[in-house]
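Descriptive analysis of the structure
Listed below are the residues making up each chain.
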Amino acid sequence: MIYYIGNRLFTMAGTLLVISVLVFFIIQLPPGDYLTTYIAELQSQGETVAQEKIDFLRQQYGLDRSMVEQYFIWVTGLLHGDLGYSFEYNLPVKDVIGDRLLLSMILNFSTILFIYAVSFPIGIYSATHQYSWGDHGLSFLGFLGLATPNFLLALILLYFANLTFGTSFGGLMDPDFIGQDWSVDKALSVLEHLWIPVVVIGTSGTAGMIRRLRANLLDELHKQYVTTGRAKGLPEMQLLLKYPLRMALNPFIADIGNLIPQVVSGSVIVSVVMSLPTTGPMLLSSLQSQDMYLAGSFLMFLACLTVVGMFVSDILLGVLDPRIRHGARGQK
Amino acid sequence: MTDRLAHYVSDAPFDPNYDEEQETSGNRFHMASQWTIIWWRFRRHKIAMLALCLLIPSYLSIVVTEFLAPYNLHTRHTDFIYSPPQEVHFYHQGEFIGPFVYEHRMVLNMDTLKREYSENTDKPLPIRFFCSGDSYEFWGLIPGNLHLICPAEGGEMFLLGTDRLGRDMASRLLYGGRVSLTVGIVGITVSFVLGLFFGGLAGYLGGWVDYAVMRLIEIMRSLPELPLWLALSAALPVTWSPIAIYFGITIILGLLDWPGLARAVRSKLLALREEDYCVAAQLMGARPKRIIVRHLLPNFTSHLIASATLSIPSMILAETALSFLGLGLRPPVTSWGVLLSEAQNIEAVALYPWLLMPMLPVIIIVLGFNYMGDGLRDAVDPHE
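What this report covers is the structure whose coordinates are included nearby. The residue numbers shown here count from 1 along each chain, following its written sequence. Whichever chain is written first is A, and whichever ligand is written first is 1; the rest continue in order. Only residues with pLDDT of at least 70 get local features here, since the model is predicted, and only at 80 or more are side-chain atom pairs given and counted; chain-wide, interface and lining totals rely on the full set of residues. Hydrogens are left out, water is left out, and the side-chain values use all remaining heavy atoms of the structure.

A look at the pattern of salt bridges
One speaks of a salt bridge when a side-chain nitrogen belonging to Lys or Arg is within 4 Å of a carboxyl oxygen belonging to Asp or Glu. According to the stated counting rule, one finds 10 salt bridges over all chains in the structure shown. Its salt-bridge partner being A:E236, residue A:R230 comes within 2.9 Å of it at the nearest N-O pair. For B:R172, the salt bridge identified is with B:D163, shortest N-O distance 3.5 Å. Through salt bridges with shared partners, a single network forms among B:D163, B:R167 and B:R172.

Points about the sheet that holds strand β3 (residues 114–126) of chain B
Residue and element names in this part refer to chain B. Two strands make a pair as long as DSSP finds a minimum of two bridges between them. Only DSSP runs of H or I reaching four residues or more are called helices, and only runs of E reaching two or more are called strands; each is numbered from the N terminus. Read from one edge of the open sheet, three strands run β1-β2-β3, paired in antiparallel fashion. Because the sheet does not close on itself, it has two edges, and the strands there are β1 (89–92) and β3. Across this sheet, the average inter-strand angle for adjacent strands is 55°, counted without regard to direction. Summarising the sheet, strand β2 (residues 95–109) and β3 pair through 10 bridges and their orientation is antiparallel. Following the sheet pairing, Y102 is matched in β3 by P124. Angular values range over 0 to 180 degrees, each being the angle between N-to-C directions of two axes fitted as lines to C-alpha atoms, with helices fitted over their stretch in contact.

Looking at the pairing of strand β5 (residues 142–150) of chain B
Sheet topology places strand β4 (residues 128–138) of chain B next to β5(B); seven bridges connect them, and they run antiparallel. When the sheet's bridge partners are listed, B:F138 is paired in β5(B) with B:I142.

A short note on the environment of B:A244
Note on placement: B:A244 falls in helix α9 (residues 242–255). Judged by relative accessible area, which is 27%, B:A244 ranks as partly exposed. Think of it in three bands: residues with accessible area under 20% of the maximum for their type are buried, residues over 50% are exposed, and the middle band is partly exposed, with areas taken using a 1.4 Å probe on protein chains only.

Okay, here's the thing in structure tokens:
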């Protein structure tokens, strides 16, 4: 098991390294850098910019060095917890981000909890009542959930909330708490506002999860050991929970790997629509203004979130299923 | 007949063509090609057939958009800004006169500065069919002005309302389909080519190539797609022409979609390359490319097509999301996502709910592809 964890840790570190190169490459892709934009802006306002000042700024931000050097400065900074400098806000990235990262994590984590809590009972119901009206209805709802882009769902929900309650549901907390330190009241207020984005982001994931659980469980339910159990007089509920469900659960947990990137993606766009104080809206605006350190930090953070999440799910799977632990060793 | 034994010698003369006749007449199934069987099985799937019947007209419609749309993409009606959808009536003052709309009149409310529209029920404007209206260039080549439906002479007709510049939503929706529907197809082509290439390499060659490709796939799958799409499309130069942007976006969509496909190809190839006929081909000196393309891929083309069908909707949704956020396609290119970006803020949605109309085709098309892909997957499944 320790070997397995070590192996996974090693892979994770490698993955993160490659991702950091990728992220750095992507944020360097747009032609020009922030300074060119900034200088053009100053010049369009009729201000003249002295060459010395440009050079000074370039040196200050390390933009005059080679790509590789810039990358290493950036990565070593990241490792030290120094996220770089946001050009747009003129502040260190750390100060700009504030508690956005924490709120993002809370949002994504609760969404995953929600997906599990909802898809579990529905999936079981659908599988045990195959081709009943309930099953058909639920799978249609599931398809609909898959087909509706979650940002549209957010818009519709906002629209109806606006119609019926007359209040804005945007935000993750009462306006009074914004910028304040964390307290019990603030946490409660966050909880109160959290459920709408959670439902919105979770819909498509839930739909997918229900379909998979249903398919897995259906496969198991037709096997002979179930018939044997039934013949021996096991109560239906106990029979279901004790054997087939446990078998069907395995892919369920393995699926976290697919689920996490999906949820993170969803939360970005839903946050933009509902203007949640998470990483999404700021990532968008920083990409639009080519504020590269800010954008890079967000991309890196979101990637870390998924990679670490997948690491945890791999470990969980290893704990659950010995075949996977040993399989990892055999593969090499 | 009944007193005859189970084993007997028939008195009838021997017919040497008996077996062939049996095969050609009585048993169609044994003579049918693989694709015919898949089609038969697919036909049994009622909902998938329904989806197919829905998707084919949609794709046909984008060929003749100019003819179907009552107005041009950019025709502006400055007197009818944010006009709500008009209702189609058939009876005017209790008398049947065919489909028509009532004239819309706009009054600017000077207190709220809101445009208020009212129907002038005295003046019916009958809808014309196969008529001449806005002149257009069919696919930018052939000039014409024939439309399927047009408003009455001297009147206007906005069946789905108008937008902020007074452009007809119904026409824009039809034109938007041209972009939104093809994005999925072009994107899946890119992803298909990449997936086949990398999956083929990894599966056939094995060894360190396989290892490298698998690590790459793992990394790609662990990245959240949307932020990456956002970052990549933000990197597309603003100076590009709309067509270049369109292809840029589809390539970006395809670039991030191939890992799933490559994985499927790899695992199939890993198993198939041990087959005897593959070894035979190798011994006869066939090169890897020929073996993969001619001998191995045809084994599971149908599966690949089914899984491709299932990933088209995610591409359509991705394009919609990107354009909605303003980082995808940009006007004057019009897709459903671009149309939806008008409905981005809650005020617009509350005042002009018809701006949300483009959602409907998005959802319908995505549902259609999902159901059709499901049907296809069931149809090609050999385990049945």
